[in-house]
Amino acid sequence: MSKKISLGAAIAFTVIVITATITMTWLFARRSFDETAYNLSEREAMYSKLAEVDDYVRQNYTGAIEEGELVNQLVTGYLNGTGDAYARYYDAAAYARLKQSYNDQRVQIGIVPRMDESGYIVVDEVYPDSPAQAAGLQEGDLIVRIDETDITAENYSEAVSMLYGAAGTKMNIVVRRGVEDSTLPDMTRRFVEVPSVYSSMLENQIGLVVIKDFADNTPDQFTKQVDRLIDEGAQGLVFDVRGVSITSSGTSALDSVAEALDKLLPSGVLASTVDKTGRVENTKISDAREVTLPMAVLINEKTSGESELFAAVIRDYNKGKLIGQKTAGKGTMQRIFPLTDGSAVEITTAVYNPPTSPSFDGEGVRPDFEVKMNDDSMPGNLLTDPQLQKAVDSIIATIRMNMTVIDLEPEESGGAASATSLPDAAYASSSEEEPSAAESSETASSGEESSAAESSDMEEPRDVSSEASSEEEEASSGEPEPEAEPEPAREPLDLTEFSAAIDLLAGLTFEVPAPPVQSEAPAASEPVVSEPPASQPAESQPAESGAPAESQAESQPPAESSGTESGPEGSSSEGTATSGEEETESSSEASSAPPARLGAFSSGKR
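Report on the accompanying structure. These numbers come from a predicted model, not from an experiment.

Under the 1.5 Å per step criterion, the end-to-end length of helix α3 (residues 67-81) is 21 Å for 15 residues, consistent within 8% with the ideal 21 Å. In the segment just after α3, Gly83 is the residue with positive phi, at about 85°.

Structural data, given as structure tokens:
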């Protein structure tokens, strides 16, 4: 049944739909406009004030205004006013040099400059395969003049920029080494690949990898240096990122760090960024391939930015310890925005997130072992660098902990534990040795095991007939003879207790005089060993220390019908010294005697 609505209701419904559509469209348009044009009222007030200042200056200032410098200073002042500690403005020339540095191919003579106390340029490093190296420049040389310009503290920045220029152009420099000045004419500027990773092998086969920067070519250099150390037999790796403040910005530096970490770490998230709206971006993932060597990372108060992220990720994956001092705490990512005139501005756009640890922005990364450098410390020198020494010690301790492995699988002969053979340098040996145990086969009904007979330090003559008889009985019983293994050194054993143990296992009863009670084993320097009397025949001496107790017991012949039998071979001479042999008690009493372990005779009494 169809229903009809009135005309008024239809008109009202149509008006409501149109109103809702217009309202939603307006809200969406306003949001889009706000995202495009932020803070219109504040920007209008700023532009109005700037225009007012510009009017007063242009109408009343008596000097000449250099328009380009005025604009540059306006932009610099604006960025400083934002409160962004890492915001920066690059003019067109500076931005061009910056782009070259990202590729680590710079048109210059191939040095790392630094200003000394007098304002001269100090050569901190000479790049390999560079014009500076070809001309004979060395670390520590002073550049005091470039072309016609004498270098001072006032024009130092200008002088450094003169080292750069178009490829193929030439310059003359004056170098001071010691007290002598020399002129190097026609130094040609050209593209120089700047190394960002160095490596060396320390003692104990610990590899040292020094990272100077995370630039575009750093991952390739990093991979080559790590692979070289591994091929040379490195047992651990130390990564030095002390003083590394990343020069590149944006995802370029983050990509470089992520590729280096991917070389070392297993599959998982390496890092991500969070922008001003809370959106997670730039999530970096590593594959399953990894380096399994123990690691350590050296950090200090000048370790900043992506180098801090490198150290934090290594620790988050439990790959190594951090040694040194708390880092700078720059946990933000900057991005460069080119401008239409060739210049650019760099501003902070995101915060780094390590895999599991909290953001280190403003907090820094704290080391696992805080070690400070001394006044006479030389970074990279194992003898004078306490932070490097601690890193090497940490890796050696990890190697020893990983290599100290004891094989506790039971052996066929009696479940004895044996230690895995390991290199002396990586094995922390124990001062205690455990005696081996032998399984007793005296009776099938008892099902119990007797403890192993401990051997004597004294060499005794072996009873060949007793051992042969034992081997024949084991062969007839179908049980395989366990393979003989070398016995470790044993503590001396009281032969009276040894004899009493054999008597009990054989089902015999002897009166054994009680020796003095010994609360602990005799000292190693004074071994106590019972010597057999001279009148006793050689056959009655105890078996060699390596023979087990059950072999001694099984070698005896069965009891005669007369109900007497002589004592077993290898028993103590004290039980047979007066009469030569003792009569045994009834066979029922002998069979009912329960088997006992050697520990029951520690008191010297039965």
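Let us now look at the pairing of strand β14 (residues 280-286). Across five bridges, strand β13 (residues 268-274) lies against β14 in antiparallel orientation. Bridging across to β14, Val269 finds its partner in Ile285. The loop that links β13 with its antiparallel partner β14 comprises five residues; one of these, Gly278, has a positive phi angle of about 90°.

With that settled, the discussion passes to the sheet that holds strand β19 (residues 369-370). If you walk across this open sheet you meet the six strands as β10-β11-β12-β15-β16-β19, and the pairing is mixed. Each having just a single partner strand, β10 (197-201) and β19 make up the two edges of the open sheet. Inspection of the sheet shows β10 paired to strand β11 (residues 206-211) by five bridges, in the antiparallel sense. By the bridge assignment for β11, Tyr198 is matched with Val210. Across the sheet, helix α10 (residues 386-403) is in contact with β11, β12 (236-240), β15 (295-299), β16 (320-324) and β19; its angle to β15 comes to roughly 165°.

Judged by side-chain polarity, Val53, Val57, Tyr61 and Ile65 come together as a nonpolar surface patch covering roughly 330 Å² of accessible area. Tracing the chain through its elements places Tyr61 in the loop between α2 (40-60) and α3. A relative accessible area of 49% places Tyr61 in the partly exposed class.

All chains considered together, the criterion is met by four aromatic pairs. Both rings, one in Phe222 and one in Phe310, keep their centres 6.4 Å apart while their planes meet at 80°; by these two values the pair is edge-to-face. Here the residue Phe222 occupies a position in helix α7 (residues 218-231), and Phe310 occupies one in helix α9 (residues 306-316), the gap between them amounting to 88 residues. By relative accessible area, which is 0% here, Phe310 ends up buried. Connected via pairs of aromatic rings, a cluster forms that spans Phe214, Phe222, Phe239 and Phe310. One residue, Lys390, lies across the ring of Phe369, its end atom 4.5 Å from the ring centre.

Okay, unusual backbone geometry next. A positive phi is found at Asp186, a non-glycine position, where the angle reads about 55°. Take Asp186: it is sitting in strand β8 (residues 180-188). With a phi close to 55°, Gln205 is a non-glycine residue in the positive phi region. A relative accessible area of 34% means that Gln205 is categorised as partly exposed.

Right, let's talk about the environment of Glu193 for a bit. Structurally, Glu193 is set in strand β9 (residues 190-193). For the pair formed by Glu193 and Asn217, sequence separation is 24 residues and the distance between their alpha carbons is 9.0 Å.

Calculation rules
Residues numbered from 1 in each chain as written. Predicted model: local features only at pLDDT ≥ 70, side-chain atom pairs only at ≥ 80, totals over all residues. Heavy atoms only, no water. Helix = DSSP H or I, 4+ residues; strand = E, 2+ residues; numbered from the N terminus. Expected span 1.5 Å × (residues − 1). Pairing = 2+ DSSP bridges. Contact = heavy atoms within 4.5 Å. Axes fitted to C-alpha atoms, helices over the stretch in contact; angles between N-to-C directions. Patch = residues over 30% accessible without salt bridge, like charges linked within 9 Å, V, L, I, M, F, W, Y side chains within 5 Å. Areas by Shrake-Rupley, 256 points an atom, 1.4 Å probe, with all protein chains shown as cover. Salt bridge = Lys/Arg side-chain N within 4 Å of Asp/Glu carboxyl O. Buried < 20%, exposed > 50% of the residue type's maximum accessible area, 1.4 Å probe, protein only. Phe/Tyr/Trp six-rings, centres within 6.5 Å; stacked < 30°, edge-to-face > 60°. Lys NZ or Arg CZ within 6 Å of the ring centre and 35° of its normal.

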